[in-house]
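# Architecture at a glance
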Amino acid sequence: MNAKNKIYSLFALLFIVALACNAPAGGAEPTSPPDVIEPSPIPQQTVEPTQEMASSEAQPVVSHLQTPFPDVSGGRLVHDTDSSGTAPEKRAPVGDSYDINRLERPFLQDMTYVPDLDIKYFTLAQDDDWYYVSIKTVGTDPNNPLGIHFGMEFDMNKDGFGDFIVLAKPPYSSEWTASNVQIFADQNKDTSGVSATKSDAPISSDGYEILIVDSAQGIGDDPDVAWIRMVNDDKVTIQFAFKKSWSGNVFMVGVLADAGLKNISQLDYVDRFTEREAGSPIRSKQFYPLQALHSVDNTCREAVGFASTGFEPMVCPPIVQPTAAPGQAGDTPSSTGCMITPADCDANAPYFWPYPHCACSSIPYDGN
């Protein structure tokens, strides 16, 4: 073979080798040369912030200077309707008076009873620096999956319009905390619509429209104004504490449990819906069963620091101490003895509330 043919043969051999190196093997995709190392991709991962991270990044550090007293009991007792007895019949017994904003609706829209929503009573106690409002419900789980909001509505000038609401949201714990308590104000005076004594539905207003205290967000001058805890006694109690320096000593206060609308910008709810739209939990009422307004319970408002006339909107009936019943000696209280009788009631307060209320009222007796 001459030199020229040898060169041609060498080029042909190189060409064949090149084709063999680049040809796919068994249909596989071409690979990189073995001496070239491709960097491995970095896996993309969404990092969920831990509670500690969220606390340090999103919430200000709060220094509390004054906390409520650890042992609180007793106080003035304010009853509310208990619907547990008629719950199997999917109805409330009494206590829901739509026109005067008294709601007894611890039921889902399908009339399933929720005992954790049903306020049985609340008490009002005080010490030198604090007022304490303790809410007892029929049920024992304030951390119900429905996410129950508990609140206190304050009427500072006794006109029936709510001026402030102290609102707490779950989770609730056994330690006093201010981190899940907020205070809102109604500065344009529209929480009760046009009239404080009846439903004005349907109207549009903004209820409690201004957030004035939220220690978790650093809102407000005093992070120690309002606190909440869960007390594990014979039945679980939700207990609020608020400073006298904030509330003063003259006001009206009522409580509510809300797992329905949970929208304080729409209070009073009775001014948002007509009674036909809202429905009723009372089977004898025209608009039974519940419709748009459900899963909420509220109470009358207790008079604090003044003698109630009995005519303030939403006021709780005044309690008159009972006297001796026939056949009893001295002034021993009895289950039937009152200083007044139904004959003492007049057109302004025609309804008699028996012991332990012992009072004439403009509001019909609710059976408790």
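Refer to the structure printed above.
Residues numbered from 1 in each chain as written. Predicted model: local features only at pLDDT ≥ 70, side-chain atom pairs only at ≥ 80, totals over all residues. Heavy atoms only, no water.

As a further point, take the overall build of the chain. Along the chain, the regular secondary structure elements total four helices and 15 strands. Among the 368 residues that make up the chain, the fraction classed as buried is 44%. Long-range contacts, defined here as pairs at least 24 residues apart, represent 63% of the contacts in the chain between residues at least 6 apart. Per element, the accessible surface of the chain, about 19200 Å² overall, is 55% carbon and sulfur. (Helix = DSSP H or I, 4+ residues; strand = E, 2+ residues; numbered from the N terminus. Buried < 20%, exposed > 50% of the residue type's maximum accessible area, 1.4 Å probe, protein only. Contact = heavy atoms within 4.5 Å. Areas by Shrake-Rupley, 256 points an atom, 1.4 Å probe, with all protein chains shown as cover.)

As a further point, take the nonpolar core. A general trend in soluble globular proteins is that nonpolar side chains are found buried together. Counting 35 residues, the largest nonpolar core has V133, I135, F150, M152, V166, I238 and F240 as the members making the most contacts within it. Counting residues per element, the ones that place at least two in this core are β3 (119-126), β4 (130-137), β5 (149-155), β6 (164-168), β7 (181-185), β9 (226-232), β10 (236-243) and β11 (251-258). When neighbours within four sequence positions are excluded, I135 is seen to be in contact with I119, Y121, F122, F150, G151, V236, T237, I238, F240 and V255. Formed by 15 residues, the second largest nonpolar core is a distinct cluster that contains Y98, F184, I264 and Y269. (Core = buried A, V, L, I, M, F, W, Y, C linked by side-chain atoms within 4.5 Å.)

Moving on, we get to the state of the cysteines. Following the criterion strictly, the structure yields one disulfide and no others. Disulfide pairing places C300 opposite C316 at an S-S distance of 2.0 Å. Given an S-S torsion of about 95°, the disulfide between C300 and C316 has right-handed geometry. Taken together, the positions of C300 in the loop between β12 (296-298) and β13 (302-304) and C316 in the loop between β13 and β14 (351-353) put the pair 16 residues apart, joining distant regions of the chain. The pair formed by C300 and C316 is uniform in burial state, with each residue classed as buried. (Disulfide = S-S within 2.5 Å.)

Along the polypeptide, F184 turns up in strand β7. C-alpha of F184 to C-alpha of V166: the two residues are 18 residues apart in sequence and 6.6 Å apart in space. If we skip the residues at most four places from it in the chain, F184 touches D163, F164, I165, L167, Y208, I210, L211, I212 and I264.

Okay, the sheet that holds strand β1 (residues 76-79) next. Spatially, β1-β3-β4-β10-β9 is the arrangement adopted by the five strands of the open sheet, whose pairing is antiparallel. Each edge of the sheet is formed by a strand with only one pairing partner; in this case those strands are β1 and β9. On average, each strand axis in the sheet is inclined to that of its neighbour by 20°, with strand direction left out of account. Sheet topology note: the β1/β3 ladder contains four bridges and is antiparallel. Residue L77 lies in a different strand from β3, and its bridge partner there is T123. (Pairing = 2+ DSSP bridges. Axes fitted to C-alpha atoms, helices over the stretch in contact; angles between N-to-C directions.)

Of all the five residues making up β6, four are buried; the element is thus mostly covered by neighbouring parts of the structure. Note that β5 and β6 share five bridges and pair antiparallel. Residue pairing across strands places F150 opposite A168, the latter belonging to β6.

Residue P170 is joined to P171 through a cis peptide bond whose omega torsion reads 5°. Mapped onto the elements, P171 comes out in the loop between β6 and β7. The omega torsion across L267 and D268 is 0°, close enough to zero to call that bond cis. Residue placement: D268 occurs in the loop between β11 and α4 (275-278). Even without being glycine, K189 reaches a positive phi, approximately 55°. By the element assignment, K189 lies in the loop between β7 and β8 (210-214). Its identity is not glycine, yet M314 carries a phi of approximately 70°, on the positive side. Along the chain, the position of M314 falls in the loop between β13 and β14. Of the residues examined, M314 reaches a relative accessible area of 10% and is grouped as buried.

The subject of this paragraph is the pairing of β10. Here is the key point about a regular strand: its side chains alternate between the two faces of the sheet. Where burial is concerned, most of β10 is hidden: eight out of the eight residues are buried. Burial along β10 is two-sided: V236, I238, F240 and F242 facing one way and T237, Q239, A241 and K243 facing the other are all buried.

Take V315: it is sitting in the loop between β13 and β14. On the basis of relative accessibility, which here comes to 3%, the residue V315 falls in the buried class. The spatial distance from the C-alpha of V315 to the C-alpha of M252 is 7.6 Å, given a sequence separation of 63 residues.

Inspection of every chain in the model, using the stated rule, returns 11 aromatic pairs. Ring centres 5.3 Å apart and planes at 90° place the aromatic pair Y131 and F251 in the edge-to-face group. Of this pair, Y131 sits in strand β4 while F251 sits in strand β11; the two residues are 120 residues apart in sequence, bridging distant segments of the chain. These aromatic residues form a ring-pair network of at least three members: Y131, F154, F164, F242, W246 and F251. For the cation-ring pair, K158 lies above F306, with the distance from its terminal atom to the ring centre recorded as 4.5 Å. (Phe/Tyr/Trp six-rings, centres within 6.5 Å; stacked < 30°, edge-to-face > 60°. Lys NZ or Arg CZ within 6 Å of the ring centre and 35° of its normal.)

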